[in-house]
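# Structure assessment
Residue-level listing of the chains:
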Amino acid sequence: MLTAFVCTEAHTEFLKIRHHCKPLAETLQMTWCPKEPSLLQKLSAPRSNQPCIIIWEPSPQINAVAQHGTADTLRQRSQIFESVREDPTCMLLIFSNDSDSKTIETYIAAGADEVISRSEFEPVRFQRLLQGMARRATSLATRPRFPVEAARPEKTVPPKAQTSEKAPSPEAESADKDNEAEIFLNYDQFQTRVELALQQEDQTVESSCCVLYINVNNFRRLSQLLGKPQARTFVRALATEIRPAITVSHIMALLGGDEIGVLLNTAVDDATVSEIVQQIFHTLESGINFRDQHLSLSLAIGSATPADTTLGAEELIGNASIAMTRAKALPGNSWLRYSRDFKDAVRQQISLEAEFRMALRSDELEVYYQPKLELATGRVRSVEALVRWPSPKRGMLLPNDFIPMAESSGMIVPMGYWVIEQVCKDLSILQRMRHNNLTCAVNLSFRQFHDRKLAETVFRIIYNADIATDNIEFELTETAMMMDSEFTIRSLIELRKLGLRFALDDFGTGYASFNNLRRLPISTVKIDQSFIRSVSEVAEDATLVEGMINLSHGLGLNVVAEGVETRSQLEFLHRIGCDEAQGFIIAPALPFEALCSFLDAAASASSDALAFGRGG
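Cut-offs and rules
- Residues numbered from 1 in each chain as written.
- Predicted model: local features only at pLDDT ≥ 70, side-chain atom pairs only at ≥ 80, totals over all residues.
- Heavy atoms only, no water.
- Disulfide = S-S within 2.5 Å.
- Buried < 20%, exposed > 50% of the residue type's maximum accessible area, 1.4 Å probe, protein only.
- Phe/Tyr/Trp six-rings, centres within 6.5 Å; stacked < 30°, edge-to-face > 60°.
- Helix = DSSP H or I, 4+ residues; strand = E, 2+ residues; numbered from the N terminus.
- Salt bridge = Lys/Arg side-chain N within 4 Å of Asp/Glu carboxyl O.
- Arc of directions from axis to C-beta.
- Contact = heavy atoms within 4.5 Å.

### Some details on the state of the cysteines
Tallied over the full model, the rule gives zero disulfides. Here Cys209 is not cross-linked by a disulfide; its sulfur's nearest cysteine counterpart is in Cys210, at 7.5 Å. Classification of Cys209 as buried rests on a relative accessible area of 3%. Left without a disulfide partner, Cys440 is nearest to the cysteine sulfur of Cys424, which lies 8.5 Å away.

As structure tokens, this is what we get:
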């Protein structure tokens, strides 16, 4: 009798699956696992070399292929795929809500044996897939098992995925053998060894063991360059490369994805840990050669010691992971020791995510608008939409208080669409008030570019609001545009076909050069307020801003100065030919009703370019 673990949140879904498996009742014993932790508990229990099948519908909190989430959700996702890859007799079938071929290929590359799209589900095909998986699992169950000290060979991509691939070259086979020469533990084995180290810990000495949690920065781009299967192989090659810095007396593990664990299992103090970390960074100073490519990369490392935990190995590894996540926010190679304050920050982040999710569902968010003054005419022809969150528990929150969390959790995408929809509704009202030519700038997240339905959704929202597409301008930060410039350009061109315009926000703070500006399909650049702050006092800053404006005009671009707060700044910008100014001296961000009053007053005011300044 073969065990099938069915991991789906709704019990009714489990009953449906069991119903479709009735013809296999004599060979399959179905067990419901309501959530991923329950599935992991089943997988970690001894199975006496018995094969099993996992039928997994990833919960919304644990997108099986996402690279974001809390430390717990990332660990659970990694453990499930690691369990499948490390055990040839454990077969994984994923129910996907997306029928896109790339998504399915990603699941297969991550370790799934079969993927079924909900929209294409057929009971007969489902039964045949399970029968085939059962035969493969049973036939592999007779293979010799590997000792706990060494990780089992990684499971190969299933036959259906291999048929479309070319046979590996001799060079590739040689590289694979080189990588497999070094044996690394998996997550479960690593946790076991950490637990043993804690049991042997002598609490009477000051020095102790230590866990390092290592993560590759910008692994997503590396994965796009190499392809996901090769990216996984690269992580093994990377672990092999840094192994000499660890020394053989310590233990290394591949924890899943782009994460490597290290147990410094002999007595080490802070100085020793620091020396090892710096040696790891030194090893990678000149990059790493992989499959005829020279790759430069940086690492984020978190460390934790038994002094940071009271609950055992799982908490100790989790603490190191939390420190690593904080280290990733720092530039380049970075290392942070765990602090109890980090865990408090994680709890606050989780709480903030839950509250924000509810705020999105309850329409708690509000859109404020900051006017931009056209300096040549003294008229307000455009505004910028800025989201606010009047939280019942936390008070009025500004974008910096919650946008980073929305980005990391993926909620920035539905929030972005909500903002666009609200802006279009408000513009429709303003047009009925005879403010027909007003343009509204909306901040667009780089994450939204990865939504395949971006152009279609934006067009539908604008069409339903019955406004012209040229009333909308999307703003992207300089860093976001340069992160994947080729992909960004393609996305912008697709949206520009709808009549939309684009602005480069915070210009001067990122990586864009004027040469890059020529390639981007933008119509406006916004000079960051850090350059505007001292233009009326520091000659060098004034010269720099004037040069930026002249060069932008030479490329046919409109220029907006951000963060204008004084009359002297406004006069300077007017004198050197800046097109628009935005800042507190003109108006703060206003709720919609206040914006309507402001625009009515501005329309009847003098056309003096400086008349709207608060000091005027």
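Next comes the rest of the account.
### Examining the packing of aromatic side chains
Enumeration over the complete set of coordinates arrives at nine aromatic pairs. Each ring, one from Trp389 and one from Phe402, has its centre 5.8 Å from the other, and the planes form 90°; the classification is edge-to-face. Of this pair, Trp389 sits in strand β14 (residues 379-391) while Phe402 sits in helix α14 (residues 399-409), and the two are 13 residues apart along the sequence. Taking the relative accessible area as the measure of exposure, Trp389 reaches 0% and is therefore buried.

### Focus on the pattern of salt bridges
The full count for this structure, using the stated rule, is eight salt bridges. Between Glu355 and Arg394 there is a salt bridge; the shortest N-O distance is 2.8 Å. Of the two residues, Glu355 is situated in helix α13 (residues 340-361) and Arg394 in the loop between β14 and β15 (395-397); the sequence distance between them amounts to 39 residues. A salt bridge links Lys526 to Glu562; its shortest N-O distance comes to 3.5 Å. Note that Lys526 is positioned in strand β19 (residues 524-527) and Glu562 in the loop between β20 (558-561) and α22 (567-576), a separation of 36 residues in sequence. Of the two residues, Lys526 and Glu562, both sit in the buried class. Overlapping salt bridges bring together Glu384, Glu475, Lys526 and Glu562 as one network.

### What about α22?
Since the α-helix turns once every 3.6 residues, residues separated by three or four places project in the same direction. Within α22 the residues assigned to the buried category are Gln569, Leu570, Phe572, Leu573 and Ile576. Projected down its long axis, α22 carries its buried residues within an arc of 160°, all on one side. The secondary structure elements touched by the buried residues of α22 are α20 (529-532), α21 (539-554), β20 and β21 (580-581).

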